[in-house]
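One-letter residues, chain by chain:
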Amino acid sequence: MSEAGIMDFDEVVEKITRNYISDEVFVTKENRRLPGRSNIIILIKRLRALMFPGYFEEKNFASVDAKYFAGNTLNSIRKELREQIEIALLYTNESKSQEQIAQQSDETARYFISRLADIQSMLLKDVQAGFDGDPAAKSRQEVISSYPGVFAIFVYRMAHELYKKNVPFIPRIMSEYAHSRTGIDINPGADIGEYFFIDHGTGVVIGETTKIGNNVKLYQGVTLGALSTRKGQLLADVKRHPTIEHNVTIYSGATILGGETVIGANSIIGGNTFITESVPAYTKVSLKAPEMVFQADPPKDGGGECIWDWVI
């Protein structure tokens, strides 16, 4: 340490090196590394091109043989995904041999590929929900190409399939990429039904153990969260987020908390509400509108500006 109390270069290097060794959070395991975030982002882009061909590539899809495009794209996705899954499993499963990990990675990648046609069908229903639910939408093509809610849902549906197969790291990397792009935070563990739409989207949070039925619509700023997270890891694998049944609309700024909280089918949850108890089916929940009082104070001499007091 110098006389001025400033640590010299060699001391800084030594201290940082000790931190590397002393804490397992650093990637210092021999022959181990984490999945590459850039690789996962490339996968997302390839998957989006596969699900919605012609929207996100420079070339004209109409000039490409559809069967060749699908087969070639699927093959590249399977290869890259298998490699990234293997990296993730090798890091978290030191008790298994590399051969066992390779086999598990291949099986998981094949399973994922087998689910893509069904996922695409669900995404088309989500797109339809976006078009049907927004009078400002001019076409389904506009919804696909520009709506942040649709992008976040697309990434969620991909990540959820990997989450169900207990793939470490990758599902959360995918969901956080969508979060950074859209401001919509959907945990890949959430269970979300068909015909799902998020309008505007910024600030929406959907927790890991949330269950959402079919034909549900959320607006910006909605939180489907846990009632308390003070217990931290003690609550892992415990249902701590709400259940939203079929045909529910939740307006902007609403907060619904708790694993035992159920919003019954065909209900409407008004904006800025705070709910920690179950709501029966066919219920409309809203805040009583605050009273606004406008009181004019006109100038006594007939000149000048009128002063208004607003009371809420």
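Residues numbered from 1 in each chain as written. Predicted model: local features only at pLDDT ≥ 70, side-chain atom pairs only at ≥ 80, totals over all residues. Heavy atoms only, no water.

Peer 1: Sorry, what's going on with the side chain of Lys217 here?
Peer 2: Considering the arrangement of structural elements, one finds Lys217 in strand S6 (residues 217–218). The charged side chain of Lys217 is buried without a salt bridge, its nearest counter-charge being Asp199 at 4.3 Å. Side-chain polar atoms of Lys217 contact the side chain of Tyr219, separated by 2.9 Å. Aside from chain neighbours lying at most four places away, what touches Lys217 is Gly133, Phe197, Asp199, Val248, Thr249 and Ile250. (Helix = DSSP H or I, 4+ residues; strand = E, 2+ residues; numbered from the N terminus. Buried < 20%, exposed > 50% of the residue type's maximum accessible area, 1.4 Å probe, protein only. Lys, Arg positive; Asp, Glu negative; His and termini not counted. Salt bridge = Lys/Arg side-chain N within 4 Å of Asp/Glu carboxyl O. Polar contact = N/O pair within 3.5 Å; in protein donor to acceptor, adjacent residues only side chain to side chain. Contact = heavy atoms within 4.5 Å.)

Peer 1: Any chance you could explain helix H3 (residues 66–92) here in plain terms?
Peer 2: For an α-helix, the turn length of 3.6 residues means that residues three or four places apart are oriented alike. End to end, H3 covers 38 Å across 27 residues, agreeing with the expected 39 Å (1.5 Å per residue, within 8%). Between the side-chain oxygen of the N-cap and the backbone nitrogen of Lys67 there are 3.3 Å, and the N-cap of H3 in question is Asp65. (Expected span 1.5 Å × (residues − 1).)

Peer 1: Explain the sheet that holds strand S13 (residues 274–275) to me, please; I cannot follow it from the model alone.
Peer 2: Adjacent strands of a sheet pair through backbone hydrogen bonds, lying either parallel or antiparallel. The strand order across the open sheet formed by five strands is S1-S4-S7-S10-S13, and the pairing between neighbours is parallel. Since the sheet does not close on itself, it has two edges, and those belong to strand S1 (185–186) and S13, each with one partner. With two bridges connecting them, strand S10 (residues 255–257) and S13 associate as parallel partners. Opposite Thr255, over in S13, you have Phe274 as the bridge partner. (Pairing = 2+ DSSP bridges.)

Peer 1: Honestly, the environment of Ile186 in this entry has me stumped. Any pointers?
Peer 2: Here Ile186 shows up in strand S1. Judged by relative accessible area, which is 3%, Ile186 ranks as buried. Residues Ile186 and Ile153, 33 residues apart in the sequence, show an inter-C-alpha distance of 8.0 Å.

Peer 1: Any chance you could explain the layout of surface pockets here in plain terms?
Peer 2: To find leftover empty space, a probe the size of one water molecule is rolled over the atoms. Put simply, the second largest pocket is a space of about 160 Å³. As for the second largest pocket, its lining consists of 13 residues, and the residues nearest its centre are Arg48, Ser146, Tyr147, Pro148 and Phe151. Within the residue set of the lining of the second largest pocket, elements represented by two or more residues are helix H5 (140–146), helix H6 (148–164) and helix H7 (170–182). No other element matches H6, which puts four residues into the lining of the second largest pocket. (1 Å grid on protein atoms, 1.4 Å probe; cavity = no way out; pocket = protein on both sides within 12 Å on 5 of 7 lines; lining within 4 Å. Points joined across faces, edges and corners; volume = space filled by probe spheres on them.)

Peer 1: Is there a simple way to explain the pattern of salt bridges in this structure?
Peer 2: Pairing is possible between side chains that carry opposite charge, provided their charged atoms lie close to one another. Evaluation of the coordinates by the stated rule reveals eleven salt bridges. As a salt-bridge pair, Glu161 and Arg115 come within 3.2 Å of each other at their nearest N and O atoms. Placement of Glu161 in helix H6 and of Arg115 in helix H4 (residues 98–133) is noted, with a sequence separation of 46 residues between them. Accessibility classification places Glu161 together with Arg115 in one group, the buried group. What you see here is one network of salt bridges that share partners, running through Arg115, Asp118, Glu161 and Lys164.

Peer 1: Looking at this structure, how should I read unusual backbone geometry?
Peer 2: For residues that are not glycine, phi is negative in most cases, and the peptide bond is trans in most cases. At Phe169, a residue that is not glycine, the phi angle is positive and equals roughly 70°. Here Phe169 lies in the loop between H6 and H7. Take Phe169: its relative accessible area is 32%, and that puts it in the partly exposed class. Backbone geometry at Asn266 places phi at a positive 65°, although glycine is not the residue there. Within the element layout of this structure, Asn266 appears in the loop between strand S11 (262–263) and strand S12 (268–269).

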